[in-house]
Amino acid sequence: MFTLAVYALPFFAAVSAGIFVHDSGTGPFGAIVVGALAGILTLIAGQVVFATVRSPFIRLGVALLFAAPAAFAGYHATHGIAALTMPSGIWQQVFAGVGAVVVGATAWARMAMLSPDPSGGALRGPALP
C-alpha cells in the first residue's frame, strides 16, 4: 500500500490524460500510450525538480503534490480495512486518519530521499582551493 500510494499523483495524471485522449477520438491503444507517457513524465519531472531545486518552498510544493494524493489514498484504504474489522464509526475514522498521516509521511520521505547531499556532494560542483 505504501509503495502504491507514492505513485498516486502520476497514476492520476496518467488516467486523466488517457481519458482525455480517448474522449477526443483516439482509440484505446492511443489512450493507453498517452496515459503511460503522462504518468512516467509526471513521476520523472517531480523527482528531477525535487532533487535539483534548492529553494525550500518549491521543494515543499513538489513534496506536497506527491504526499497529498498519497495521504488521500491512504485514508480511503485504511478506512476500508477498518470498516471491515470494527463496528464503531468513530474508531474507523481515527484509524483512517492515522493511516492517511502514515502513508502521506511515507510518500514525503520517499521524495526526500532524492534531496541533495547536505554537505554539497556532487551537486555542489568542484571544490574551491
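Criteria and cut-off values
Residues numbered from 1 in each chain as written. Predicted model: local features only at pLDDT ≥ 70, side-chain atom pairs only at ≥ 80, totals over all residues. Heavy atoms only, no water. pLDDT = per-residue confidence, 0-100. Helix = DSSP H or I, 4+ residues; strand = E, 2+ residues; numbered from the N terminus. Contact = heavy atoms within 4.5 Å. Axes fitted to C-alpha atoms, helices over the stretch in contact; angles between N-to-C directions. Parallel < 35°, antiparallel > 145°, perpendicular 65-115°, else oblique. Left-handed = near helix turned anticlockwise from the far one by under 90°. Expected span 1.5 Å × (residues − 1). Buried < 20%, exposed > 50% of the residue type's maximum accessible area, 1.4 Å probe, protein only. Bend = angle between axes of the 7 residues up to and from the residue. Nonpolar A, V, L, I, M, F, W, Y, C, P; charged D, E, K, R; others polar.

Peer 1: Got a minute to help me understand the confidence of the model for the protein chain in this structure?
Peer 2: Segments scoring low in pLDDT should not have their predicted coordinates read at a detailed level. A residue-level look at the protein chain finds 85% of positions with pLDDT of 70 or above and a mean pLDDT of 83. The least confident element of the protein chain, judged by mean pLDDT, is helix α1 (residues 2–6) at 70; the most confident is helix α2 (residues 8–23) at 92. Within the model, pLDDT remains below 50 along residues 119–128, and this stretch shows five contacts once partners closer than five positions in the same chain are excluded.

Peer 1: Would you mind going over the packing of helix α3 (residues 28–52) against helix α4 (residues 56–85) with me for this structure?
Peer 2: At a closest axis distance of 9 Å, the pairing of α3 and α4 adopts a crossing angle of 150°. Taken together, the axes of α3 and α4 are roughly antiparallel relative to one another. With respect to the hand of their crossing, α3 and α4 are arranged in left-handed fashion. Side by side, α3 and α4 meet where Thr42, Leu43, Gly46, Val49 and Phe50 of the first sit next to Ile58, Arg59, Val62, Ala63 and Phe66 of the second.

Peer 1: What am I meant to see in α2 here?
Peer 2: Note that an α-helix has 3.6 residues per turn; residues three or four places apart therefore point the same way. In this model, α2 (16 residues) spans 22 Å end to end at C-alpha, consistent with the 22 Å of a helix rising 1.5 Å per residue. Where α2 is concerned, the buried positions are Ala8, Leu9, Pro10, Ala13, Ala14, Ala17, Gly18 and Val21. Backbone geometry just after α2 places Gly25 at a positive phi near 115°.

Peer 1: Could you clarify how one ought to interpret α4 in this entry?
Peer 2: With 30 residues, α4 ought to run about 44 Å at 1.5 Å a step, and its terminal C-alpha atoms sit 41 Å apart, in line with that. The largest bend in α4 comes to about 25°, at Leu64. When α4 is considered as a whole, its buried residues turn out to be Arg59, Val62, Ala63, Phe66, Ala67, Ala70, Gly74, Thr78 and Ala82.

Peer 1: I would appreciate a short explanation of the environment of Ala14 in the present structure.
Peer 2: With respect to the helices, strands and loops of the structure, Ala14 is situated in helix α2. Among the residues examined, Ala14 registers a relative accessible area of 17% and is labelled buried. Separated by 25 residues in sequence, Ala14 and Gly39 place their C-alpha atoms 4.3 Å apart. Setting aside anything within four residues of it in sequence, one finds Ala14 in contact with Gly35, Ala38 and Gly39.

Peer 1: Quick question: what am I supposed to make of the packing of α2 against α3 here?
Peer 2: The description of two helices packed together rests on the angle between their axes and the distance between the axes. Across the interface, α2 lies against α3 with an axial gap of 7 Å and an inter-helix angle of 150°. Our classification of the angle between α2 and α3 gives roughly antiparallel. As α2 runs across α3, the sense of the crossing is right-handed. Only Pro28, Gly30, Ala31, Val34, Gly35, Ala38, Gly39, Thr42 and Leu43 of α3 make contact with α2, whose side of the interface consists of Leu9, Pro10, Ala13, Ala14, Ala17, Gly18, Val21 and His22. Looking at the contact of α2 with α3, its residues break down into 11 nonpolar, six polar and no charged.

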